[in-house]
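Overview (structure and organization)
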Amino acid sequence: MTTVIPMSNNTFPSLRAPIRIGTSLSIACWNKAIAAVRAVAFWAAIALPIAYVPAAYGAMGFENAWSALALIAVHAACAVIGHEHNAPSRVRP
């Protein structure tokens, strides 16, 4: 008579640790990427109104109305995307 020993799910517990580390690392990288995109969009929304002056006078490649409308659309998109950007506050001692 042979005895069958069932294999447990914890036969290779060391294989699950890298998956957890990889998942948390992936989430951390994703959060950093989102924060970077929001920061760039925020500062682009701050700087883009400077381009409205040449667009109003038709200078610097803004000869037609479509480029001015594209500028307004990009500015609106940057304002929406960068709206939740939080610059780190400096703590003074």
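Just above, that's the structure.
Figured I'd write up the structure that's included with this text. Per-chain numbering applies: the sequence of each chain, read as written, is numbered from 1 onward. Only residues with pLDDT of 70 or above have their local features reported here, since the model is predicted, and side-chain atom pairs are shown and tallied only from 80 upward, although totals for entire chains, interfaces and linings are computed over all residues. Heavy atoms from the whole structure form the basis of all side-chain values; hydrogens and water molecules are not counted.

The next point concerns the overall build of the protein chain. Helix numbers and strand numbers start at the N terminus; a helix is a DSSP run of H or I with at least 4 residues, a strand a run of E with at least 2. The helix and strand tally for the protein chain stands at 3 helices and 0 strands. Each helix and strand of the protein chain, placed in order from N terminus to C terminus, yields the pattern α-α-α. Only protein chains enter the accessibility calculation, which uses a 1.4 Å probe. A residue is then buried if its area is under 20% of the maximum for its type, exposed if over 50%, and partly exposed in between. When each of the 93 residues of the protein chain is scored for burial, the buried share is 14%. Put simply, 61% of the contacts in the protein chain that link residues at least 6 apart link residues at least 24 apart. Contacts are assigned to residue pairs that have any heavy atoms within 4.5 Å of one another.

Before going further, it helps to examine the packing of aromatic side chains. We call Phe, Tyr and Trp rings a pair once their centres come within 6.5 Å, taking the six-membered ring for Trp, and we label the pair stacked below 30 degrees between planes, edge-to-face above 60, and tilted otherwise. For the structure on display, the rule yields 1 aromatic pair. Here the aromatic rings of phenylalanine 42 and tryptophan 43 are separated by 5.0 Å at their centres, their planes lie at 85 degrees, and the arrangement is edge-to-face. A residue is classified by how much of its surface remains accessible, and phenylalanine 42, at 27% relative accessible area, is partly exposed.

The next point concerns the environment of alanine 76. Note that alanine 76 resides in helix 3 (residues 65-81). Alanine 76 gets classed as partly exposed once you look at its relative accessible area, which sits at 41%. Taking C-alpha positions, alanine 76 is 7.6 Å from alanine 45, a pair spaced 31 residues apart along the chain.

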